[in-house]
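# Coordinate analysis (summary)
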Amino acid sequence: MFILNRRTTPLAFGLSAFIFSATFGALLFLLQFHSIRYGKVTDENTVITGKVVNAPERKAKTWAVRIQTTYGTHVQAYLSPGQIPLKGDSIELYVPYGINSTFLGDNPDTTFADYENYLFYSGVSATAFSGNGQWKITKRNEYGNLLDRLSALQVLMNEYYDESGFRGDEGAIIKAMTTGDKTQLPKELKSNYSHAGVAHVLALSGFHLTIIYTFLDLLLLSLIISYKWRNISRLFIILFISAFTIIVGCPPSLVRAAIMCGIMLLTKVLQCENSSMNSLCLAAFAMLVFNPMLLFDVGFQLSFVSMFGIIVFSPLLIDLVPARQKILHKLWEMICITIACSMFTLPLITYYFGYIPLLSIVSNLSIPILATVLLWLSVFWWLLFAFTDIQLIIGNCMKSVSGMMNSIAGWISSMEWSVFPIRSNLFGVLMEYALLILIVIYLPRFYHSSPSSKCY
């Protein structure tokens, strides 16, 4: 049907694609749900063996690590301080208090219902505690394949940052924006960025990938005239972006951006038409086929909803007040993208976090610009690692820019009226998105029927 009728019967094709996706997705979700809930965890009743699959997070009294057991299931383990577990280590735990299922149906009276529900939909079957002397690392950094070796680079990059003096709040921001490691971000700093409405700059996404793609485009494509070599360069860019996504831990927002960027580059290689909306739908389908539980991930939802708003709503706003002067047009585009992104993420923000960042438009016109400068500086900082004097100067500039971002976010969030507390329920979220869809449908009719405004 895609080959024969995509253009001649678009409604039938779209409806069929939706029915197929929903049915196939429901089947995959049930299989994944059953695997997480009933998957075997321990070799015995009190022993867990497996491999650490994430960078350990330091809690008040324990290390929090996620372990993929020998049976393929995942356990969130809390380990008493001793050795420092690293991503890729093979580990063995003795859990004298047993394991606790993260499925709320098995623990209806749990105090940490929201957290355990989050863990379950993140693919974690159970939680466990192992005290001092009750766990051991059986093998260090077992990177058996290329994917494991790439993912291990995140730890090495963070170690190099530490050796170069990137510590404190400035260093934590730089690591979060370039390697995806947010474990060192203080809660107060996270809260400042959230209340300022710019938490998205800390999560690797299309914003960050655009900087990388622009640099590679200037480095490779702008210097190549031959059509054949330009296509080879585009394939190289796809490989580089894929490798970078794996290195930083495959956050949903970055995976979505990487898939859409890859589709865009492939359409140029194959000389096909590229549709942003089709690319967005294909990215969602591919990610959910790989992991259906991503549908309940807040980062996944915010990433796709914000991109949907940018695709369908920002062009309407740009056309609403056209500008012929290039500088004014670019500025108006930035404002429209910010408004579209904020409007389509606002229902989810009020549902999950219970507030509205009132000054998000102001902060989104300042902090992302500084974040762009910081990302460009980080690119040159890594490229010029052999020139220590130049690298030191760039590193100091990176710390200064990061400090400015933190100061602006802290200043905006400190205002009493920076956030408005409000919490939506599920019905309210659905109604808000229904209203946004109606605005998208009827707004063009409104300004097409009204007298056209003069361009300034």
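Reference entry: report on the structure contained in this document. (Residues numbered from 1 in each chain as written. Predicted model: local features only at pLDDT ≥ 70, side-chain atom pairs only at ≥ 80, totals over all residues. Heavy atoms only, no water.)

### Concerning the overall build of the protein
The secondary structure content of the protein amounts to 17 helices and 10 strands. The C-alpha atoms of the protein give a radius of gyration of 24 Å, which matches the 23 Å a tight globule of 456 residues would have. In terms of overall dimensions, the protein has C-alpha extents of about 75 × 60 × 55 Å along its principal axes. Going through the 456 residues of the protein one by one, you find that 41% of them count as buried. A separation of at least 24 residues holds for 70% of the contacts in the protein among residues at least 6 apart in sequence. Carbon together with sulfur atoms contributes 66% to the accessible area of the protein, which is approximately 24900 Å² in total. Charge-centre separation for the protein: the mean point of 31 positive side chains lies 9 Å from the mean point of 26 negative side chains. (Helix = DSSP H or I, 4+ residues; strand = E, 2+ residues; numbered from the N terminus. Rg over C-alpha atoms; globule rule 2.2 N^0.38 Å. Buried < 20%, exposed > 50% of the residue type's maximum accessible area, 1.4 Å probe, protein only. Contact = heavy atoms within 4.5 Å. Areas by Shrake-Rupley, 256 points an atom, 1.4 Å probe, with all protein chains shown as cover. Lys, Arg positive; Asp, Glu negative; His and termini not counted. Charge placed at Lys NZ, Arg CZ, Asp CG, Glu CD.)

### Quick notes on the nonpolar core
One finds Ile173, Met177, Tyr193, Leu374, Met398 and Met405 to be the most contacted residues of the largest nonpolar core, which totals 30 residues. For this core, the secondary-structure elements that each account for two or more residues are helix H5 (168-178), helix H6 (187-195), helix H15 (367-383) and helix H16 (388-414). Those residues in contact with Ile173 that lie beyond four places of it in its chain are Leu185, Leu189, Tyr193, Leu202, Leu374, Ser402, Met405 and Asn406. Phe215, Leu216, Phe244 and Cys261 belong to the second largest nonpolar core, which has 18 residues in total. (Core = buried A, V, L, I, M, F, W, Y, C linked by side-chain atoms within 4.5 Å.)

### Structural notes on the environment of Ala26
Counting through the fold element by element, Ala26 comes out in helix H2 (residues 10-38). For Ala26, a relative accessible area of 40% puts it in the partly exposed group.

### Comments concerning unusual backbone geometry
The phi dihedral of Cys250 falls on the positive side, at around 55 degrees, and the residue is not glycine. Secondary-structure assignment places Cys250 in the loop between helix H8 (227-247) and helix H9 (252-270). The phi angle at Gln271 is positive, at roughly 60 degrees, despite the residue not being glycine. With respect to the secondary-structure elements, Gln271 resides in the loop between H9 and helix H10 (276-290). According to the relative accessible area criterion, Gln271 is exposed, its value standing at 62%.

### Structural notes on the environment of Met398
Within the secondary structure, Met398 sits in helix H16. Remark: the alpha-carbon pair of Met398 and Gly72, spanning 326 residues in sequence, is separated by 41 Å. Discounting chain neighbours no more than four positions away, the residues touching Met398 are Phe166, Ile174, Leu374, Leu377, Ser378 and Trp381.

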